[in-house]
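Secondary and tertiary structure notes
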Amino acid sequence: MIDLHCHILPGVDDGPADLEGSLAMAREHVARGTRTVIATPHVSWDYPTTADEITTGVAALNAALREEGIELEVLAGAEVALTRAVDLTAKQLAGFRLGDGPWLLLEAPISVDSPGVEGLVGIVQSRGVRVLLAHPERCASFHTDPDLLARLVAGGCRAQVTANALTGFFGRTVQASARRYVDAGLVHVVSSDSHDATHRSPGLIHEMEEAGYAPLTEWMGEQVPRSMLAGIPIPPRPPFQPAPERRRWFRR
Ligand SMILES: [Fe+2]
């Protein structure tokens, strides 16, 4: 699996505080079937992480992983807050792309309903990056405007859902949103958004299976991420029908 959204660099954001914490996460990634992760530290007004810090941190972590014999590859990326992204130039935004591909992981405000999301995303897109929306199921704007994600996807965005959101870690409202988006074909990537080895921990395969989405794991956790990193067209989603028991669950 390829995990496109993961806070694994030590000491840069709300991920692990030190290298030991990063190595513990790396071991957990490998144990759960992930071989490549993109380090996506927060880039926001609260965490003014620079592209140079990320590049340096990724090189140091890869060296430590080789030394420890942990078979995980780490590439550079970032999770750029929408409110920060609109103030960055095209060149600055390019420095935060996922790997060497054209995609930028963009985080809409989580707790504040921001009516201007669509326009702001358009501004970011106009600066030459393709937008992968981080966990829309957790963002208030997407809850208050149920069609927002469909409009953004129609406008060229793609969406990442967090694996344990599908299994209820963030509560039933977030879980229902995540499942509704996947069932509607509006989600393209599943990631861990992991911050540590034990609480907000790595893992995709088990969570997808538990949530009833095993037939989509390979596409959302491997094929689409690989295509995004390579800058090639995303392959079509395999046929998938939501399980009957989950359709009943939604009607309750
Ligand atoms: Fe994140």
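Here is a short report on the structure shown in this document. Just so you know, these numbers come straight off a predicted model, no measurement behind them.

This brings us to the coordination of the iron ion. Around the iron ion, the protein supplies His5 (NE2), His7 (NE2), Glu79 (OE) and Asp193 (OD) as donor atoms, at distances of 2.0 to 2.2 Å. Considering all 4 donor atoms around the iron ion, angles at the metal cover 82 to 170° and the coordination shape is irregular.

The next subject is the sheet that holds strand S2 (residues 36–39). Taken together, the 3 strands give an open sheet; going across it, the order is S1-S2-S4, and neighbouring strands pair in parallel fashion. Across the chains shown, the open sheet's two edge strands, defined by having one partner strand only, are strand S1 (2–6) and strand S4 (73–76). Between one strand and the next, the sheet's axes are offset by a mean angle of 25°, whatever the strand orientation. Running at roughly 175° to S4, helix H2 (residues 51–68) makes contact with S2 and S4 of the sheet.

Right, let's talk about helix H10 (residues 214–230) for a bit. Here H10 spans 24 Å end to end across 17 residues, near enough to the 24 Å set by a 1.5 Å rise per residue. The principal kink in H10, of about 30°, is found at Gln223, preceding the proline Pro225 by one to four residues. Taken as a whole, H10 has its buried residues at Leu216, Thr217, Trp219, Met220, Gly221, Glu222, Val224, Pro225, Ser227, Met228 and Leu229. Looking one or two residues beyond H10, the residue adopting positive phi is Gly231, at roughly 70°.

Cut-offs used in this document
- Residues numbered from 1 in each chain as written.
- Predicted model: local features only at pLDDT ≥ 70, side-chain atom pairs only at ≥ 80, totals over all residues.
- Heavy atoms only, no water.
- Donors = N, O, S within 2.8 Å, 3.2 Å for Na, K, Ca; no water.
- Tetrahedral: all angles 85-135°; square planar, octahedral: opposite > 155°, others 65-115°.
- Pairing = 2+ DSSP bridges.
- Helix = DSSP H or I, 4+ residues; strand = E, 2+ residues; numbered from the N terminus.
- Axes fitted to C-alpha atoms, helices over the stretch in contact; angles between N-to-C directions.
- Contact = heavy atoms within 4.5 Å.
- Expected span 1.5 Å × (residues − 1).
- Bend = angle between axes of the 7 residues up to and from the residue.
- Buried < 20%, exposed > 50% of the residue type's maximum accessible area, 1.4 Å probe, protein only.

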